[in-house]
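Survey of secondary and tertiary structure
Each chain, letter by letter, is given below.
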Amino acid sequence: LFCSHPDNVCVYRIIAKYLPQVIIALDNVLVPQAPDITCHENSINLWGRTAPDIGLMYNARATVLVPGSRGDFCSNGKVIIPKGHSEVIIVIAADTDYDASEGNAATNYSFKWKDPTQVVIQTVFEASKKTYSNLKGAHIKDYSNLFSRFTLTLPDPNGSANISTEALFTNYTQHGDPYVESILFDYARYLFISSSRPGGLPPNLQGLWAEQYSPAWSADYHANINIQMAHWTVDQTGLGDQTGPLWNFVADTWMPRGSETAYLLYNSTKGWTTHNQMNTFGYTA
């Protein structure tokens, strides 16, 4: 499994000598409005709106590839691959109509662009024409070019490289372990690279890959220290050109609504302000 920035898709590969039946489906369990789900030619499409009136439109699409087979395995909105195959590849893309550049007075702070369906369909279509090896190779090259800009090498006096990661963190004490600290350093860079890419939003409290449906503090942005912490070592470790999402976020979401906040709270017409907590819709009060 990997999620590729160059192709803007996540790719799952299931491989075995003899696979059991494989069922692929899409759903949204986070909002009460049931999404519209269709399946055609081994592609499942999910479309919905987060709320009936002002909610965002969202779309996700999964195309299922079964090497050596040309059958259409769609059934009741799912792709059902019968047992006996040796490989299944799933290419997934998703998007919403959210657009930070539409969060100003001229657009009535809508933060909306257009239905993302056609963009998602085209994204999956283009990626699905490529081989698994090409998709994976492009992903590794893209990530490696960023990660390899800086290397931290610490000693391993305890032989920790031969101990499982779970045991390392369970037994970690106030005396420290250079090997564990090197792992955490690399992990922090991985999180930033994965969460701060051109055209996207800056890293939020839990980062792009938060595992919870409802993370603490709504996974928003805190100007008191957290958003700074996510960027503390970026310039020093060769990732300064990946900070564009932060500056765009300031210009697109903080400044337009922050000017209104400055006027309403402080009767100021000469600047903008933000307070401790912000979100992606210009909340600055």
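Here we summarise the structure given alongside this text. (Residues numbered from 1 in each chain as written. Predicted model: local features only at pLDDT ≥ 70, side-chain atom pairs only at ≥ 80, totals over all residues. Heavy atoms only, no water.)

**Comments concerning the environment of D99**
Quick note on the threshold: Note on conventions: DSSP H or I runs of at least 4 residues are helices, E runs of at least 2 residues are strands, and numbering of each starts at the N terminus. Here a residue-residue contact requires only that any non-hydrogen atoms of the pair lie within 4.5 Å. Nitrogen and oxygen atoms within 3.5 Å of one another constitute a polar contact, given that in protein one can donate a hydrogen and the other can accept it, and given that sequence-neighbouring residues count only through two side-chain atoms.
Secondary-structure assignment places D99 in the loop between β9 (87-96) and α1 (117-128). For the pair D99 and T165, spaced 66 residues apart in the sequence, the C-alpha separation amounts to 39 Å. Ignoring any residue separated from it by four or fewer positions in sequence, one finds D99 in contact with F111, K112 and W113. Within polar-contact distance, the side chain of D99 engages the side chain of S101 at 2.7 Å.

**Remarks on α1**
Cut-off, in case you're wondering: Each helix should span, by expectation, one fewer than its residue count multiplied by 1.5 Å. Categorising residues by exposure relies on relative accessible area from a 1.4 Å probe, with only protein chains included: less than 20% of the type maximum marks a residue as buried, more than 50% marks it as exposed, and the intermediate range marks it as partly exposed. What the arc describes is the spread of directions from the helix axis to the C-beta atoms.
Between its first and last C-alpha, α1 extends 16 Å over 12 residues, near the 16 Å set by a 1.5 Å rise per residue. When α1 is considered as a whole, its buried residues turn out to be T117, V120, T123, V124, A127 and S128. One side of α1 holds all its buried residues, which, seen down the axis, span an arc of 130°. In this fold, the buried residues of α1 make contact with β2 (9-15), β5 (43-49), β6 (57-65), β9 and α2 (132-147).

**Some words on the layout of surface pockets**
In plain terms, the rule: For each structure, a 1 Å grid was placed over the protein atoms alone; sets of points admitting a 1.4 Å probe that cannot get out are labelled cavities, open sets with protein on both sides within 12 Å along at least five of seven lines are labelled pockets, and lining residues have an atom within 4 Å of a point. Grid points are joined across faces, edges and corners, and a volume is the space filled by probe spheres set on the points. Polar here means any residue outside two lists: the nonpolar Ala, Val, Leu, Ile, Met, Phe, Trp, Tyr, Cys and Pro, and the charged Asp, Glu, Lys and Arg; Gly therefore counts as polar.
The computed volume of the second largest pocket comes to approximately 640 Å³. What lines the second largest pocket is a set of 27 residues, and nearest its centre among them are A188, L191, F192, M229 and A230. At the level of secondary structure, the elements contributing two or more residues to the lining of the second largest pocket comprise α4 (178-195), β10 (221-222) and α5 (226-229). With eight residues, α4 is the largest single contributor of residues to the lining of the second largest pocket. Of the residues that constitute the lining of the second largest pocket, the class distribution is 17 nonpolar, eight polar and two charged.

**Here's the deal with the state of the cysteines**
For clarity, the cut-off: Pairs of cysteine sulfur atoms within 2.5 Å are what we label disulfides.
In this structure the tally under the stated criterion is two disulfides. The disulfide partner of C3 is C10, and the gap between their sulfur atoms is 2.0 Å. Between C3 and C10, the S-S dihedral sits near 100°, and the bridge is therefore right-handed. Covalently, C39 is tied to C74 through a disulfide, its sulfur atoms 2.1 Å apart. Taking the sign of the torsion about the S-S bond as the criterion, the disulfide between C39 and C74, at about -75°, is left-handed. Taken together, the positions of C39 in strand β4 (residues 36-40) and C74 in strand β7 (residues 74-75) put the pair 35 residues apart, joining distant regions of the chain. Across the protein, the disulfide pattern expressed with sequentially numbered bonded cysteines is 1-2, 3-4.

**Thoughts on the pairing of β5**
Operational definition: By the convention used here, strands pair only if DSSP detects at least 2 bridges between them.
Taken across its seven residues, β5 has five buried, putting it largely inside the fold. Pairing between β4 and β5: five bridges, direction antiparallel. By the bridge assignment, H40 is partnered in β5 with S43. Where β4 hands over to β5, the hairpin turn is made up of two residues, of which E41 adopts a positive phi near 50°. Pairing geometry for β5 and β6, over seven bridges, is antiparallel. Directly across from R49, in β6, lies its bridge partner M57.

**What about the packing of aromatic side chains?**
The criterion, for reference: Stacked, edge-to-face and tilted labels apply to pairs of Phe, Tyr and Trp rings (six-membered ring for Trp) whose centres lie within 6.5 Å, assigned for plane angles under 30 degrees, over 60, and everything in between, in that order. Counting as a charge over the ring demands two things of the Lys NZ or Arg CZ atom: a distance within 6 Å of the ring centre and an angle within 35 degrees of the ring normal.
Throughout the structure, instances matching the rule amount to 11 aromatic pairs. Both rings, one in Y143 and one in Y190, keep their centres 6.2 Å apart while their planes meet at 65°; by these two values the pair is edge-to-face. Residue Y143 is located in helix α2, and its partner Y190 is located in helix α4; the two are separated by 47 residues in the primary sequence. Taking the relative accessible area as the measure of exposure, Y190 reaches 34% and is therefore partly exposed. Judged by centre distance (6.1 Å) and plane angle (20°), the rings of Y187 and Y190 are stacked. Taken as a pair, Y187 and Y190 lie in helix α4 at a separation of three residues, close to a single helical turn. What makes Y187 partly exposed here is its relative accessible area of 46%. A network of ring pairs unites the aromatic residues Y143, F147, Y187 and Y190 as a single cluster. Over the ring of Y132 we find R13, and its NZ or CZ is 4.6 Å from the ring centre. Here the guanidinium or amino end of R189 rests over the ring plane of F147, the centre of that ring lying 5.0 Å away.

**Some remarks on the sheet that holds strand β8 (residues 78-81)**
The three strands lie next to each other as β3-β8-β7, forming an open sheet whose pairing is antiparallel. Where the open sheet ends on each side, the last strands, each with one partner, are β3 (22-24) and β7.

**Some remarks on the pattern of salt bridges**
For clarity, the threshold we go by: Between Lys or Arg on one side and Asp or Glu on the other, a salt bridge is scored when a side-chain nitrogen of the former is within 4 Å of a carboxyl oxygen of the latter.
All told, the structure shown has six salt bridges when counted by the stated rule. Put simply, R197 and D142 hold a salt bridge, and the shortest N to O gap is 2.8 Å. Of this pair, R197 sits in the loop between α4 and β10 while D142 sits in helix α2; the two residues are 55 residues apart in sequence, bridging distant segments of the chain. Pair check on accessibility: R197 and D142 agree, each one buried. One salt bridge connects R149 with D241, and the closest N-O pair in it is separated by 2.8 Å. Of this pair, R149 sits in the loop between α2 and α3 (165-170) while D241 sits in the loop between α5 and α6 (244-266), placing them 92 residues apart in sequence.

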